[in-house]
Structure formats: structure tokens, C-alpha cells
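Next come the chains, spelled out residue by residue.
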Amino acid sequence: LGAGGMGVVYAAYDPELARKVEVKLLRPESTSDPELGRARLHREAQAMAKLAHPNVVAVHDVGNFGEQVFVAMEFVQGGTLSAWL
């Protein structure tokens, strides 16, 4: 779905809850210290999960898959930020 300086976001499907979700993964080249990058993405997910606001996507899960940190979020249908701007 998109990519930024720190991560890549993919569309995915959660079979347990039968819903489409977005999954954000840390880009391996985004930091020289992989552990620092994983900790940063984990803190980002924790901060987002504490919020309930129409302009912030809901975080459903955060965890590790091997050495990779993932954040599973609410899927939001729409365009890109650059198109909106």
C-alpha cells in the first residue's frame, strides 16, 4: 500500500477475524541498528494503540515474526497522502 522512511505497509487478511488489515514492517535498510529500529516501531505501535481518534488508525496487534517487527492495523480504504494534498 505504501512505503515511508521507516517502514512498508501491505494489505493483508486476518483469517481469525475475517477482515482485511494493513501490516507495517520495518524496512531493513531504515536504520544502521536493527534492534533500535525494532524498538522504535514497537513504541510507535504502543503510542497509536493508546489513541482513539478518527484520524488515527486502530492498532490490532504488534509482534515479531522471526527478526521482523510487525504492526497489524485497521485497513482504511482511500488514496495516498500525496494525492490528498
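See the structure printed just above.
Residues numbered from 1 in each chain as written. Predicted model: local features only at pLDDT ≥ 70, side-chain atom pairs only at ≥ 80, totals over all residues. Heavy atoms only, no water.

A. Fine view of the pairing of strand β2 (residues 7–14). The sheet contact formed by strand β1 (residues 2–3) and β2 spans two bridges and is antiparallel. Counted as the bridge partner of A3 is V8 from β2. Here β1 folds back onto β2, and the loop between the two strands holds three residues. Relative to strand β3 (residues 19–26), β2 is paired through eight bridges, and the arrangement is antiparallel. Paired with V8 across the two strands is L25, which belongs to β3. Hairpin connection between β2 and β3: a loop of four residues separates the two successive antiparallel strands, and A18 in this loop has a positive phi of roughly 55°. (Pairing = 2+ DSSP bridges. Helix = DSSP H or I, 4+ residues; strand = E, 2+ residues; numbered from the N terminus.)

B. Here's a closer look at the sheet that holds strand β4 (residues 59–65). The sheet built from five strands is open, its strands ordered β1-β2-β3-β5-β4 with antiparallel pairing. Both outer strands of the open sheet, β1 and β4, are each paired with one neighbouring strand and no more. Against the sheet, helix α1 (residues 34–49) touches β3, β4 and β5 (68–74), its axis set at about 145° to β3. (Contact = heavy atoms within 4.5 Å. Axes fitted to C-alpha atoms, helices over the stretch in contact; angles between N-to-C directions.)

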